[in-house]
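# Geometric and topological summary
Now for the letters of each chain:
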Amino acid sequence: MANETTLTLVGNLTADPELRFTPAGAALCKFTVASTPRNYDKGTGEWKDGEALFMNCSAWREMAENIAESLHKGSRVVVTGRLKLNRWKTPEGENRQAMQLDVEEVGPSLRYATAQVKKLTRTGGGAPAATEANPWESNTNDEPPF
């Protein structure tokens, strides 16, 4: 869609991702990313933490299941998605609103860690299955590996 606000956020998960399923069977994963800016104070010679941003994120379907299986509390992640404003009324009639990130892509940050990627392939039933093949190896059938 045109004129959507996209955001890329780097931070840590504040808790394990929460995986749920809709009555129709679609997977939904919700998680919160905390991003805290750090600046070096030349006067004191120390790093100072700025004010933390806590962003609620949600992902759907296969990505939701992959997130819940792969990421855990404290994981440093890079998340890209569409920023969305949710509005609702409390049972007491008060208006509330909160920002949320509808996740388009997510992955572990490799700045201070390593990760092992397992490419998923489709099985006959349409569900993804992990494969042990190395996705970075040369492909002999002239098709892209992804």
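This write-up is about the structure you can find in this document. All values derive from a computational prediction rather than experimental measurement.

## Focus: the overall build of the chain
Assigned secondary structure in the chain consists of one helix and 10 strands. In the chain, the order of α-helices and β-strands from amino to carboxyl end is β-β-β-β-β-β-α-β-β-β-β. Within the chain, the proportion of its 146 residues that are buried is 21%. Sequence-distant contacts in the chain: of pairs separated by 6 or more residues, those separated by 24 or more amount to 54%. Here the chain has roughly 10900 Å² of accessible surface; of this, 48% comes from carbon and sulfur atoms.

## Topic: unusual backbone geometry
Across residues other than glycine, the phi torsion is negative in most instances, and most of the peptide bonds are trans. For Arg61, which is not glycine, the phi torsion reads 60° and is therefore positive. Within the secondary structure layout, Arg61 lies in helix H1 (residues 61-70).

## Section: the side chain of Asp102
Along the chain, Asp102 turns up in strand E8 (residues 95-108). Polar contacts involving the side chain of Asp102 include one to the side chain of Ser58, which spans 3.3 Å. Ignoring anything within four residues of it in the chain, the contact list for Asp102 reads Ser58, Thr80, Gly81, Arg82 and Lys84.

## Description of the environment of Asp41
Examined against the element boundaries, Asp41 turns out to sit in strand E4 (residues 38-41). Looking at Asp41, the relative accessible area reads 28%, which means it is partly exposed. Look past the residues within four positions of Asp41 in its chain and what remains in contact with it is Glu46 and Lys48.

## Looking at the pattern of salt bridges
Side-chain pairs of opposite charge can arise where the charged atoms are in close proximity. Scanning all chains against the criterion turns up six salt bridges. Taking the shortest distance from any N to any O, the salt bridge between Arg20 and Glu18 comes out at 2.5 Å. Measuring nitrogen to oxygen at the nearest pair gives 2.8 Å for the salt bridge that ties Arg82 to Glu104. Here Glu104 lies in strand E8 and Arg82 lies in strand E7 (residues 76-89), a separation of 22 residues in the sequence. You can call Glu104 partly exposed: its relative accessible area is 35%. Taken together, the shared-partner salt bridges in this structure form one network comprising Glu4, Arg82 and Glu104.

## A word on the pairing of strand E2 (residues 18-21)
For E2 and strand E3 (residues 27-35), the ladder comprises four bridges, and the chain directions are antiparallel. Each bridged residue has a counterpart across the sheet, and for Glu18 the counterpart in E3 is Lys30. In this antiparallel pair of consecutive strands, E2 and E3, the connection spans five residues, and Gly25 shows a positive phi of 100°.

## A look at the side chain of Ser75
For Ser75, the position within the fold is in the loop between H1 and E7. By relative accessible area, which is 18% here, Ser75 ends up buried. Looking at Ser75, its side chain comes within polar contact range of the main-chain oxygen of His72, at 2.7 Å. Ignoring anything within four residues of it in the chain, the contact list for Ser75 reads Gly11, Asn12 and Leu13.

## Some details on the packing of aromatic side chains
Summed over all chains, the structure comprises one aromatic pair. With a centroid separation of 5.4 Å and 65° between ring planes, the pair formed by Tyr40 and Trp47 is classed as edge-to-face.

Conventions and cut-offs
- The residue count restarts for each chain, going from 1 along the sequence in the order it is written.
- Selection of residues for local features in this predicted model requires a pLDDT of at least 70, selection of side-chain atom pairs for listing and counting requires 80 or more, and totals for whole chains, interfaces and linings are taken over all residues.
- Water and hydrogen atoms were dropped before computing side-chain values, which therefore reflect all heavy atoms in the structure.
- Helix and strand definitions here come from DSSP, where helices need a minimum of 4 consecutive H or I residues and strands a minimum of 2 consecutive E residues; each element is numbered from the N-terminal end.
- The cut-offs for exposure are 20% and 50% of the maximum accessible area for each residue type, with area from a 1.4 Å probe on protein chains only; residues under the lower value are buried, those over the upper are exposed, and the others partly exposed.
- We call two residues in contact when some of their heavy atoms are within 4.5 Å.
- For accessible areas, the Shrake-Rupley method is used with a probe of radius 1.4 Å. Any residue's cover is judged against the shown protein chains and nothing else.
- Nitrogen and oxygen atoms within 3.5 Å of one another constitute a polar contact, given that in protein one can donate a hydrogen and the other can accept it, and given that sequence-neighbouring residues count only through two side-chain atoms.
- A pairing counts as a salt bridge when a side-chain nitrogen of Lys or Arg comes within 4 Å of a carboxyl oxygen of Asp or Glu.
- Strand pairing is assigned whenever DSSP identifies at least 2 bridges connecting the two strands.
- Only the six-membered ring of Trp is used, alongside the rings of Phe and Tyr, when aromatic pairs are assigned; centres must lie within 6.5 Å, and planes under 30 degrees apart are stacked while those over 60 apart are edge-to-face, with the rest tilted.

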